[in-house]
Structures are given as C-alpha cells and as structure tokens.
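What follows is the residue order along each chain.
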Amino acid sequence: TIKSQLETLNETALDTTASQVAAATSSGVKLAVLHGAGSFGHFQAKKYGISKGDSHPDWAFGFADTRRAVTLLNQEVVARLVRSQVAAVGLSPFPTALMKAKS
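Parameters at a glance
- Residue numbers here run from 1 along each chain, matching the order of that chain's written sequence.
- With pLDDT at 70 or above as the cut-off, local features in this predicted model cover only qualifying residues; side-chain atom pairs require 80 or more to be listed or tallied, and sums for whole chains, interfaces and linings still use all residues.
- The side-chain values count all of the structure's non-hydrogen atoms but skip hydrogen atoms and water molecules.
- A run of H or I in DSSP counts as a helix once it spans at least four residues, and a run of E counts as a strand once it spans at least two, with each numbered from the N terminus.
- Each radius of gyration is computed over the set of C-alpha atoms, and the globule rule expresses the reference value as 2.2 Å times the number of residues to the power 0.38.
- Exposure is judged per residue with a 1.4 Å probe applied to protein chains only, and the accessible area is read against the type maximum: over 50% gives exposed, under 20% gives buried, and values in between give partly exposed.
- In this description, contact between two residues means that some pair of their heavy atoms is separated by no more than 4.5 Å.
- Calculation of accessible area relied on Shrake-Rupley with a 1.4 Å probe; when residues are assessed, cover is drawn exclusively from the protein chains displayed.
- We count Lys and Arg on the positive side and Asp and Glu on the negative side, and we leave His and both chain ends out.
- For this purpose, a charge sits on NZ of Lys, CZ of Arg, CG of Asp or CD of Glu.
- What counts as a ring pair is set by centres within 6.5 Å for rings of Phe, Tyr and Trp (its six-membered ring), and what kind of pair is set by the plane angle: stacked under 30 degrees, edge-to-face over 60, tilted for all other angles.
- Each residue after the first adds 1.5 Å to the expected span of a helix.
- What pLDDT conveys is the predictor's confidence in a given residue, as a value from 0 to 100.

## As for the overall build of the protein chain
Part 1: Of the regular secondary structure elements, the protein chain holds three helices and zero strands.
Part 2: Across the protein chain, helices and strands are ordered from the amino to the carboxyl terminus as α-α-α.
Part 3: In terms of overall dimensions, the protein chain is more spread out than a globule: its C-alpha atoms have a radius of gyration of 16 Å, far above the 13 Å expected for 103 residues.
Part 4: Projecting the C-alpha coordinates of the protein chain onto the three principal axes gives extents of approximately 55 × 30 × 15 Å.
Part 5: Expressed as a percentage of its 103 residues, the buried residues of the protein chain come to 29%.
Part 6: Expressed as a percentage of contacts within the protein chain between residues at least 6 apart in sequence, the contacts between residues at least 24 apart total 67%.
Part 7: Counting every atom, the protein chain has about 7,300 Å² of accessible surface; 59% of that belongs to carbon and sulfur.
Part 8: Separation between the mean location of the 11 positive side-chain charges and that of the 7 negative ones in the protein chain comes to 6 Å.

Have a look at this one:
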C-alpha cells in the first residue's frame, strides 16, 4: 500500500508480488501469503485507539471501520493472486470478537 495515503494500493508492487507468487507456485513451491493493514486500517486504528482497547468512546465503530478497511485490502490481494492463476483464499484472523458491557 501507499502508507501515507488512506486506503491506497501500491498497484505496481501488488501486481509484481502476485506475479512472483504465481511463478513460485507454478514451479511447485507451497507457500502462505500474509499481509498487514498498511494504509487500509492503520489510519482508522490510530484514530480510534484500537490498540489501547475500548477506551475511545467510538471504539466499536473504529473497530468495525478498521476491519472493513483491512477486509477490503484482503479482497484486493486475493483478487490479484487469483488473476495471476494462484489458487488463493483469504482467511481472517478475526473470525469472532468479544465485547463486554461497561458497568
């Protein structure tokens, strides 16, 4: 991603990486591709203090917006890999979330 710009892909880098992964897998290499949030999530996480727990008054919304952005990035990564003939699927590290009521 272009980390200084909200939700902006580095298209060239992503396409190059997808091509390199395709070349590796077509030669028999088995691998897993992991990615972070880059500009798809770091802005939101910082704004709502996600790493600090639920202390921000809009924490739940911030969590949701961060997940939305990271999920969008994951869809783009998987789509580029599939277009490059890589059998790719996205697996979320957050299948569930636990929230507690404040007393």
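## Details of the packing of aromatic side chains
Part 1: For the structure shown, the criterion picks out two aromatic pairs.
Part 2: A centroid spacing of 5.8 Å and a plane angle of 75° characterise the contact between Y48 and F61, whose relative ring orientation is edge-to-face. Of this pair, Y48 sits in the loop between α2 (42-47) and α3 (59-83) while F61 sits in helix α3, placing them 13 residues apart in sequence.
Part 3: Where W59 meets F63, the ring centres are 5.4 Å apart and the plane angle is 20°; that geometry is what we call stacked. Taken together, the positions of W59 and F63, both in helix α3 and four residues apart, correspond to about one turn of that helix.

## Quick word on the environment of G53
Part 1: The residue G53 is located in the loop between α2 and α3 in this model.
Part 2: Given a relative accessible area of 27%, G53 falls into the partly exposed group.
Part 3: It is 9.7 Å that separates the C-alpha atoms of G53 and F63, two residues lying ten residues apart in sequence.

## Observations regarding α3
Part 1: For α3, with 25 residues, the first-to-last C-alpha span of 36 Å sits near the 36 Å given by 1.5 Å per residue.
Part 2: Phi turns positive one or two residues past the end of α3, at Q85, with a value near 70°.

## Examining the confidence of the model for the protein chain
Part 1: Averaged over all residues, the pLDDT of the protein chain equals 91, while 91% of them reach at least 70.
Part 2: For the protein chain, α2 is the element with the lowest average pLDDT, namely 94, and helix α1 (residues 11-26) is the one with the highest, namely 98.

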